[in-house]
Amino acid sequence: MKNIAVIGAGTMGNGIAHTFAQFDYKVNLIDISQESLDRGIATITKNLDRMVAKEKISEEDKSRTLNNITTFTDLEKGVKTTDLVVEAATENVDLKLKIFRDLENFCDENTILASNTSSISITQIAAVTKRPEKVIGMHFMNPVPIMKLVEIIKGYSTSQETYKVIEDLSKKLNKVPVEVNDYPGFVANRILMPMINEAIETLYNGVAGVKEIDTVMMLGMAHPMGPLALADFIGLDVCLSILNVMYDGFKNPKYAPCPLLVNMVMAGKLGAKSGEGFYDYSENRKAEVVAAMFSK
């Protein structure tokens, strides 16, 4: 397995492409526009430059990694001769189902189809293909080149052979694979998102401010990053999507998104990627957003 396609050049997609390419896999990075692809390659280049500066890799390693990546705006051409496709598109059920229907038509029958989804059912995704035994979840953590964990999610029909291939592949990327069954949110987000949601609820109820909540969790619970800063880093729209998937899947009110989170997403305050969330990211500076914004 040497030829990999990655669908989506955003935060997760470019990180996945970077990781495979750095380990000498040939990667086809696919997105709907050349502009998105150019941004993705620019991010990979910047991250590689940072690794060179820290003497973790050489300039030769950087050049080799970038040369291992080819970009495509045509999905069919991008996946045609690959052994594995890793879908890392927006966390939207309808979009992912459409992509996997197309992949069924475009890919060789032996190609394994993986999704980097952080919450959506692998069984549901696999059901729109004729190869459910070859569909699997491969959930990387952000930032992908650094974080060791890969949640490997087996759908109802995923074969043990497919699981073993992806487990071995993850180890070759110097990752730690963890087998997870197919339930909304899997393990990481089933535990993480309610905590983030509760932190937002704590802010919403006026118990404490943004920095205060994050400080309590960092100094009191030894978290490397506070839950509100982490939500900004993940993307508030992504957090909302994951909570909605779990709420719909379990019908349990404990997964219901906080109204403040819903309102912030509707207002376009998505976190670091939009320049503002619980913190202000303008001028490369993180500062607490005006407290009045968070009142009921």
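As recorded in an unreviewed UniProt entry, the protein chain goes by 3-hydroxybutyryl-CoA dehydrogenase and comes from Aequorivita xiaoshiensis. The UniProt entry for the protein chain carries this comment under Sequence similarities (unreviewed entry): "Belongs to the 3-hydroxyacyl-CoA dehydrogenase family."

### Here we look at the pairing of strand S4 (residues 84–87)
Alternating positions in S4 separate into two faces, Leu 84 and Val 86 on one and Val 85 and Glu 87 on the other, with burial throughout. Pairing between S4 and strand S5 (residues 112–115): four bridges, direction parallel. Bridging across to S5, Val 86 finds its partner in Ala 114. In terms of handedness, the path from S4 via helix H5 (residues 93–106) over to S5 forms a crossover that is right-handed.

### Some details on unusual backbone geometry
The omega angle of the peptide bond from Asn 142 to Pro 143 is 0°, so this bond is cis rather than trans. Inspection of the secondary structure puts Pro 143 in the loop between strand S6 (135–140) and strand S7 (149–154). The residue Phe 186 is not glycine, and still its phi comes out positive at about 55°. In this structure, Phe 186 sits in the loop between strand S8 (176–181) and helix H8 (188–204). Residue Phe 186 is classed as buried on the basis of its relative accessible area of 4%. Phi angles above zero are rare outside glycine, and Lys 251 is one such case at about 55°.

So, how was this worked out
Residues numbered from 1 in each chain as written. Predicted model: local features only at pLDDT ≥ 70, side-chain atom pairs only at ≥ 80, totals over all residues. Heavy atoms only, no water. UniProt positions renumbered as here; feature names shortened; annotations may be inferred. Buried < 20%, exposed > 50% of the residue type's maximum accessible area, 1.4 Å probe, protein only. Helix = DSSP H or I, 4+ residues; strand = E, 2+ residues; numbered from the N terminus. Pairing = 2+ DSSP bridges. Right-handed = clockwise from strand over helix to strand, strands pointing away.

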